[in-house]
Amino acid sequence: MLTLRRATRVLQVLKTTQKCEQSFHRWLGPTLRELKRRKDSQGPEKPAHRKTFLEWNYDTEIYAFSKRLGEEFNNDLLQQALTERSYIIREEERQKNVGIEQPTLNLSDNTQLVSKGSDFIDDIVKRYLRTVLPRLPEEGIIEIHKYLTSIETLSHVSFHIGTSDLILCADFPVEKLTLSNVLKSIIAALIESSGNSRAALFVRDFILTQIADKDLHQFWEPDEPIKLLSEILARDGIQSPEPRLIGCSGKNTILACFRVGLYTPNDKQMIGLGFGETVDIAHEMAARDSLRKLFGTSDTILLPFNLKLDQLCASSARNLSLNEWSQKTLPVHPSHFELRQTKEICSN
């Protein structure tokens, strides 16, 4: 009898527990599916500017932006650097539409800052490349400079340091040209706020490092390397190099590989080595290998990214062009090791 009572109580407790465990309603699943179907039918949601959020505070965001970069900006200059002319024009039109005949905005656009920042970036990038690549012809310096100062590269840097949510402009999402111009104006604002040295370090850390993982030869390769190599060696009084087939594998197959070396006729020294599926291609690659050794851009080169403004060459210095390049007329530039030694001596 006691056991039956206990069993009855256990069943009552279980029934009570099951009643308390209320699952979701039957209409919840169909409702959620219908809401998702309607959302998908309207297409992707348009991106919204950060300022449309309730917790948006522009002054706080600007302050946080400068602290993230680790720089000290003049707040007025930084706000001017982030303000495009299109934003001021749009705000003036809005005031005119509501009846204000002479709209006044206490804002200045970044047109002058963009020009100043662009000139500074061009100067620092060229001086750095000429310092770390003193043997590279000026044509190669110009091509690498074009990549580093292109709209694609500057907009990439600008976007990833977080300027897209702070820019005041008429278009959103922000265009690449706008992102590039804002980065230039920020550098100009940093020049006026903290000086040229801090701005040069900013350019070094954010722009020059964009070639750290790149192959320099993808930016510039001279045409007709065999002819060019012979002309350069002739200026130094060396006869044209002689090609020698020093190895091959898979001959007369689709996997053929030839290895050609270039040797100087006088001292029989190898100056270049190339591989290719034909002898002519291997000969051309050997000539390119020789030129890379002459220009100091071999695959094992490591560019130093720890140089400061006072370690860069003068703005007026230029590398030799291809038409005048010769080892006898190369200007004397400090090597990477000497630059590093100078820095250590100055610090001691």
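Residues numbered from 1 in each chain as written. Predicted model: local features only at pLDDT ≥ 70, side-chain atom pairs only at ≥ 80, totals over all residues. Heavy atoms only, no water.

Remarks on the overall build of the chain
Inference 1: Helix and strand counts for the chain come out as 13 helices and three strands.
Inference 2: When each of the 348 residues of the chain is scored for burial, the buried share is 38%.
Inference 3: Within the chain, counting contacts between residues at least 6 apart in sequence, those at least 24 apart form 66% of the total.
Inference 4: Counting every atom, the chain has about 21,600 Å² of accessible surface; 52% of that belongs to carbon and sulfur. (Helix = DSSP H or I, 4+ residues; strand = E, 2+ residues; numbered from the N terminus. Buried < 20%, exposed > 50% of the residue type's maximum accessible area, 1.4 Å probe, protein only. Contact = heavy atoms within 4.5 Å. Areas by Shrake-Rupley, 256 points an atom, 1.4 Å probe, with all protein chains shown as cover.)

Description of the side chain of Arg 130
Inference 1: Here Arg 130 is to be found in helix H6 (residues 111-132).
Inference 2: There is a polar contact of 2.8 Å between the side chain of Arg 130 and the backbone oxygen of Ala 317.
Inference 3: Contacts of Arg 130, omitting those with residues within four sequence positions, involve Glu 138, Ile 141, Cys 313, Ser 315, Ala 317, Arg 318 and Asn 319. (Polar contact = N/O pair within 3.5 Å; in protein donor to acceptor, adjacent residues only side chain to side chain.)

Section: the environment of Thr 131
Inference 1: Structurally, Thr 131 can be placed in helix H6.
Inference 2: Along the chain, Thr 131 and Cys 313 lie 182 residues apart, while their C-alpha atoms are 5.7 Å from each other.
Inference 3: Within the structure, Thr 131 has its side chain in polar contact with the backbone oxygen of Arg 127 (distance 2.6 Å).

Side note on the packing of helix H9 (residues 176-194) against helix H10 (residues 196-206)
The angle between the axes and the distance between the axes are what describe a pair of packed helices.
Inference 1: Two elements in contact, H9 and H10, have axes separated by 7 Å at closest approach and are oriented at 150°. When the axes of H9 and H10 are compared, the pair comes out roughly antiparallel. Judged by residue contacts, Leu 183, Ile 187, Leu 190, Ile 191 and Ser 194 of H9 engage Asn 196, Arg 198, Ala 199, Phe 202 and Val 203 from H10.
Inference 2: For the contact of H9 with H10, the class distribution of residues is seven nonpolar, two polar and one charged. (Axes fitted to C-alpha atoms, helices over the stretch in contact; angles between N-to-C directions. Parallel < 35°, antiparallel > 145°, perpendicular 65-115°, else oblique. Nonpolar A, V, L, I, M, F, W, Y, C, P; charged D, E, K, R; others polar.)

Details of the environment of Gly 250
Inference 1: Take Gly 250: it is sitting in the loop between strand E1 (242-249) and strand E2 (257-263).
Inference 2: Along the chain, Gly 250 and Glu 277 lie 27 residues apart, while their C-alpha atoms are 9.4 Å from each other.

A look at the sheet that holds strand E3 (residues 270-276)
Inference 1: Strand order in this open sheet of three strands is E1-E2-E3, and the pairing throughout is antiparallel. Each edge of the open sheet is held by one strand with a lone partner, namely E1 and E3. The sheet shows a mean angle of 20° between the axes of neighbouring strands, taken without regard to direction.
Inference 2: As defined by bridge partners, E2 adjoins E3 across six bridges and the pair is classed as antiparallel. Following the sheet pairing, Val 260 is matched in E3 by Gly 274.
Inference 3: Set on the sheet, helix H12 (residues 279-295) makes contact with E1, E2 and E3; between it and E3 the angle comes to about 140°. (Pairing = 2+ DSSP bridges.)

Observations concerning the packing of H6 against H9
Inference 1: Running from N to C, H6 and H9 cross one another at 85°; their axes reach a closest spacing of 7 Å. Of the possible angle classes, the one that applies to H6 and H9 is roughly perpendicular. Every residue of H9 that contacts H6 at Leu 113, Val 114, Lys 116, Gly 117, Ser 118, Phe 120 and Ile 121 is listed here: Asn 181, Lys 184, Ser 185, Ile 187, Ala 188, Ala 189, Ile 191 and Glu 192.
Inference 2: Of the residues contributing to the contact of H6 with H9, the split by class is eight nonpolar, four polar and three charged.

Here's the deal with a nonpolar patch on the surface
Inference 1: A contiguous nonpolar patch, built from Trp 27, Leu 28, Leu 32 and Leu 35 and spanning about 410 Å² of accessible area, is present on the exposed surface.
Inference 2: Among the structural elements, Leu 35 can be located in helix H2 (residues 28-41). (Patch = residues over 30% accessible without salt bridge, like charges linked within 9 Å, V, L, I, M, F, W, Y side chains within 5 Å. Salt bridge = Lys/Arg side-chain N within 4 Å of Asp/Glu carboxyl O.)

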